[in-house]
Amino acid sequence: MLLFRSIFIQLIVPFLLALGILTFILSMETVYRLIYLIVERGVSIFSVGLMMLYRLPQFLSVTLPFSVVISCVVLMVRLSTDNEISAMNSMGISYCQIGRPFFLFGIVATGITLIITLWLQPAGYAAFEQEKLKVLKTQTSKTIQPLVLNYDFPGKVLYVQDKDKNEDLSGVFITDRELTSDSMVTLADRGRFNVREGKRDLVLALEDGLIHLQGSAEHYRTIAFEKFHYIFRPAQIVTEKEDGHIWGVPTSSLWGNASQSSQMELFLRLTTPWACVAFAVAMVPLGLVNPRRGRSGAFLRGLILVVLYYILWMGAKEMTANLNYQPYVLWLPPLLIWFFGLYSLYKSNLNRSNIFDLLNFIAKT
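Here the structure is a predicted model, which is why all the values come from computation and not from measurement.

Parameters and conventions
- Every chain is numbered on its own, with residues counted from 1 as its sequence reads.
- Restriction of local features to residues with pLDDT of at least 70 applies here, the model being predicted, together with a cutoff of 80 or more for giving and counting side-chain atom pairs; totals for whole chains, interfaces and linings are based on all residues.
- Side-chain numbers come from the whole structure's heavy atoms, not from hydrogens or water.
- Working definition: a ring pair exists when centres of Phe, Tyr or Trp rings (six-membered ring for Trp) sit within 6.5 Å. Plane angles under 30 degrees give stacked, over 60 give edge-to-face, the rest tilted.
- By definition, any uninterrupted DSSP run of H or I lasting at least four residues is a helix, any uninterrupted run of E lasting at least two residues is a strand, and each is numbered from the N terminus.
- Residue exposure (1.4 Å probe, protein chains only): buried if accessible area is under 20% of the type maximum, exposed if over 50%, otherwise partly exposed.
- Look at NZ for Lys and CZ for Arg. If either is within 6 Å of the ring centre and within 35 degrees of the ring normal, a charge sits over the ring.
- Buried residues of nine kinds, namely Ala, Val, Leu, Ile, Met, Phe, Trp, Tyr and Cys, make up a nonpolar core once their side-chain atoms join them within 4.5 Å.
- Contacts are assigned to residue pairs with any non-hydrogen atoms lying within 4.5 Å of each other.
- Any two strands are treated as partners once DSSP identifies two or more bridges connecting them.
- Only C-alpha atoms enter the line fits that serve as axes; for helices the fit covers just the stretch in contact. Angles between N-to-C directions range over 0 to 180 degrees.
- Whenever two N or O atoms come within 3.5 Å, that pair is a polar contact, provided that in protein one can donate a hydrogen and the other can accept it, and provided that, for residues adjacent in sequence, both atoms are side-chain atoms.
- Whenever a carboxyl oxygen of Asp or Glu lies within 4 Å of a side-chain nitrogen of Lys or Arg, that contact is scored as a salt bridge.

**A look at the packing of aromatic side chains**
Right, on to step 1. Scanning the model with the defined rule gives 10 aromatic pairs in all.
Right, on to step 2. Seen in terms of ring centroids, Phe66 and Tyr310 are 5.4 Å apart; in terms of plane orientation they differ by 45°. Their pairing is tilted. Taken together, the positions of Phe66 in helix H3 (residues 45-81) and Tyr310 in helix H9 (residues 296-322) put the pair 244 residues apart, joining distant regions of the chain.
Right, on to step 3. Tyr310 sits in the buried class, given a relative accessible area of 19%.
Right, on to step 4. Between Phe228 and Tyr230, the ring centres sit 5.5 Å apart and the planes meet at 85°, which makes this aromatic pair edge-to-face.
Right, on to step 5. Taken together through their ring pairs, the aromatic side chains of Phe66, Phe279, Tyr309, Tyr310 and Trp313 make up a single cluster.
Right, on to step 6. Positioned above the aromatic ring of Phe128, the side-chain terminus of Arg55 is 5.6 Å from the ring centre.

**Topic: the nonpolar core**
Right, on to step 1. Val68, Ile85, Ile98, Phe102 and Phe279 are the most contacted members of the largest nonpolar core, which totals 49 residues.
Right, on to step 2. Ranked by residues supplied to this core, first place goes to H3 with 10 residues.
Right, on to step 3. Discounting chain neighbours no more than four positions away, the residues touching Val68 are Phe15, Ala109, Cys276, Phe279 and Ala280.
Right, on to step 4. Listed in part, the 19 residues of the second largest apolar core include Leu136, Ile174, Leu202 and Phe232.

**Observations concerning the sheet that holds strand S3 (residues 184-196)**
Right, on to step 1. In space, the 5 strands of this open sheet follow the order S1-S2-S3-S4-S5, with antiparallel pairing throughout. Each edge of the sheet is formed by a strand with only one pairing partner; in this case those strands are strand S1 (156-163) and strand S5 (220-232). Within this sheet the neighbouring strands show an average axis-to-axis angle of 25°, counted without direction.
Right, on to step 2. Relative to strand S4 (residues 201-214), S3 is paired through 12 bridges, and the arrangement is antiparallel.

**Remarks on the environment of Met88**
Right, on to step 1. Mapped onto the elements of the fold, Met88 is located in helix H4 (residues 84-90).
Right, on to step 2. Put simply, Met88 and Ile98 are 10 residues apart on the chain and 8.4 Å apart in space, counted from C-alpha to C-alpha.
Right, on to step 3. In this structure Met88 touches Leu3, Leu79, Ile93 and Ile98, once residues within four positions along its chain are discounted.

**Focus on the side chain of Ser47**
Right, on to step 1. Within the element layout of this structure, Ser47 appears in helix H3.
Right, on to step 2. Classification of Ser47 by relative accessible area gives buried; the value is 14%.
Right, on to step 3. One polar contact links Ser47 to Ser44, side chain to side chain, over a distance of 3.0 Å.
Right, on to step 4. Setting aside residues up to four positions removed in sequence, Ser47 forms contacts with Glu131 and Val135.

**Notes on unusual backbone geometry**
In most cases, non-glycine residues show a negative phi, while peptide bonds are predominantly trans.
Right, on to step 1. Its identity as a non-glycine residue notwithstanding, Asn83 has a phi of 60°, on the positive side.
Right, on to step 2. Structurally, the position occupied by Asn83 is in the loop between H3 and H4.
Right, on to step 3. Look at Leu147: it is not a glycine, yet its phi comes out positive at around 65°.

**Some thoughts on the pattern of salt bridges**
Pairing between side chains of opposite charge can happen when the charged atoms of each approach one another.
Right, on to step 1. One pass over the structure, following the stated rule, counts 9 salt bridges.
Right, on to step 2. With a shortest N-O distance of 3.6 Å, Lys163 and Glu167 are connected by a salt bridge.
Right, on to step 3. Judged by its relative accessible area of 18%, Lys163 is buried.
Right, on to step 4. Each of Arg78, Asp82 and Glu84 takes part in salt bridges that share partners, so that together they form one network.

**A word on the environment of Thr320**
Right, on to step 1. The topology assignment puts Thr320 in helix H9.
Right, on to step 2. Between the alpha carbons of Thr320 and Leu330 there is a distance of 7.8 Å; along the sequence they are 10 residues apart.
Right, on to step 3. Those residues within four positions of Thr320 in sequence are excluded, and the remaining contacts are Gln260, Met264, Tyr325, Gln326, Pro327, Val329 and Leu330.

**Description of the side chain of Thr113**
Right, on to step 1. Mapping Thr113 onto the fold places it in helix H5 (residues 95-143).
Right, on to step 2. Given a relative accessible area of 0%, Thr113 falls into the buried group.
Right, on to step 3. In contact with Thr113, other than residues within four places in its own chain, are Ser61, Leu64, Pro273 and Cys276.

Quick look at the structure:
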C-alpha cells in the first residue's frame, strides 16, 4: 500500500508541470489576440481576464491526456534508470501491481476531464461568447467617432458626420476599402449599429440613403432606399469552425437531440477523456527502459502512441462526420489504446518479447 501511494504521489508533480506548460503553449494564440484587445482597443483587463478564464476548460480538455502521457513516461523512466523497477521485481512485485497506481491516476484524470468536457467546457464557451458580445457592444460605440475614417470593419471604410448620445449616426458614408468596378458607395442620412446575439455579428441599419453602383462607364446607376442593412462579421478572437456554436450547447440538451452534429458532439465529450486512462495503462510497459541504453526510447514510444491515437481519433471523427457512421465509432481510439496497453502490460509481466511468444506461452499453460 505504501508503494502504491508513493508511485501515485510521484505522478502528480510532473503531471502538473506538463499541464501548465502545455496549456500555456496551446493558449498562446488566444493570449496574443486578447492582448491586442487591451493594447489597440482599450478593452479592460478584467474583461480580457474573464474571456481567458472562460477559454481555459477547452485548452485543458486537450492538454490533460498529453500531461498524463508525459507524467507516466517521466516516472517510469526514472524508476527504470534508478533500478527501482528491478528491485521491485526481485521482491515479487509484478508489472501489473506496479501499473495499479498508474491506472488509478488515469481514472482520476479521466474523471476530471469528463467534468471539463461535459459541463465546464460548454458553460465556459457560452460565457466566452456572451463576454465577447459585451466587448463588441462597448467597442463599437468607442471606435465610431464623427469626422474620422474608420477601418475597423473587414474590407470597408466608414465615415460619419455626427453621433449623438444615443449612439445614433447621421451623415453615414461607407464603401469598400479597395475600390473596384464592382464596388458600391453608400450614403445615408441616418444609421445605427445593432448587435445580433444569435448570429454574433453587427448590423448597420441605414435609413434614407442612396447606393452608387458603377459596373462600367456606360452602366452607372443609383439605388435609393428607405432602409438598408449592412452586416459585418467582426474579426474572430478565436478561430472557429462553421458549426463551432455547438460547443456552447449544454450536454443535457445534446442528449435529447437526434441530429448528427449533436450526437457527434455528445460522443466527443464522452469519449475523449477516456484517452487519459488508456494512455496511463499503455505507458507503464512502454516507459520501461534499459538503464544502459538511455531514456530517449521511452519518450519516442510515448510520442508515437500519442500520434497514433490522434490519427485514429481523426479517422473516427471523419467517418462519423462525412461517411455517416454511427457516433459509437468514436469509442474505438481509446479502446484500441486501452487494449494495446493491457496486452503490452501482460506481455511485460510474463517477460515475453512478442505476441507469438505470448500466444505460445498461453497455449502451453
